[in-house]
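Residues per chain are reported as follows:
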Amino acid sequence: MSDLFKKAISLGWGLTIVSKEKVEKAVEDLVSRGELAPSESKALIDRLIERGAEEQSQFKTLIREQISRILQELEVPTQNDVASLEQRVALLEKQVAELEKEKAALTGSSDAEEANRLD
């Protein structure tokens, strides 16, 4: 049975993208050719589906790791980098607004003094 299982796995290394219906059809073909007993077909289908889910999970993990590595190599800012910069910009905007208020207050008082001197 383990040799048969290996053959079934080799039917589709890409189980990550094979639908349950295709797995069932492949197993039915094995049964019809006499390579698999009908009583064993359900267990084989279940194992193939489970294996496909595991491979899909591993594939997703591999893709995420590769994308992360490429983004780091390209020096693309992370979400945390952007959030940190947004906080710094907001703080700077606040400081600029406060400085502008102070300048306006100083300019307003010096303008009043200047106007008093001219009178």
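Above: the structure in question.
What comes next is a walk through the structure. (Residues numbered from 1 in each chain as written. Predicted model: local features only at pLDDT ≥ 70, side-chain atom pairs only at ≥ 80, totals over all residues. Heavy atoms only, no water.)

### What to know about the environment of Lys25
Rule in force here: The helix count covers DSSP runs of H or I at least four residues long, the strand count covers runs of E at least two residues long, and both are numbered beginning at the N terminus. When a residue's accessible area, from a 1.4 Å probe over protein chains only, is under 20% of the maximum for its type it is buried; when over 50% it is exposed; and in between it is partly exposed.
Note that Lys25 resides in helix α2 (residues 20-32). According to the relative accessible area criterion, Lys25 is exposed, its value standing at 51%.

### With respect to the nonpolar core
Filter applied, for reference: Among buried residues, the Ala, Val, Leu, Ile, Met, Phe, Trp, Tyr and Cys ones that are joined through side-chain atoms within 4.5 Å form a nonpolar core. Contacts are assigned to residue pairs that have any heavy atoms within 4.5 Å of one another.
Residues Val23, Val27, Leu30, Leu36, Leu44, Ile45 and Leu48 constitute the largest nonpolar core, which totals 7 residues. Elements represented by at least two residues in this core include exactly α2 and α3 (38-73). Not counting residues up to four positions away in its chain, the partners in contact with Val27 are Leu36, Ser41, Leu44, Ile45 and Leu48.

### Focus: unusual backbone geometry
The phi dihedral of Glu75 falls on the positive side, at around 60°, and the residue is not glycine. Judged by its relative accessible area of 69%, Glu75 falls in the exposed class.

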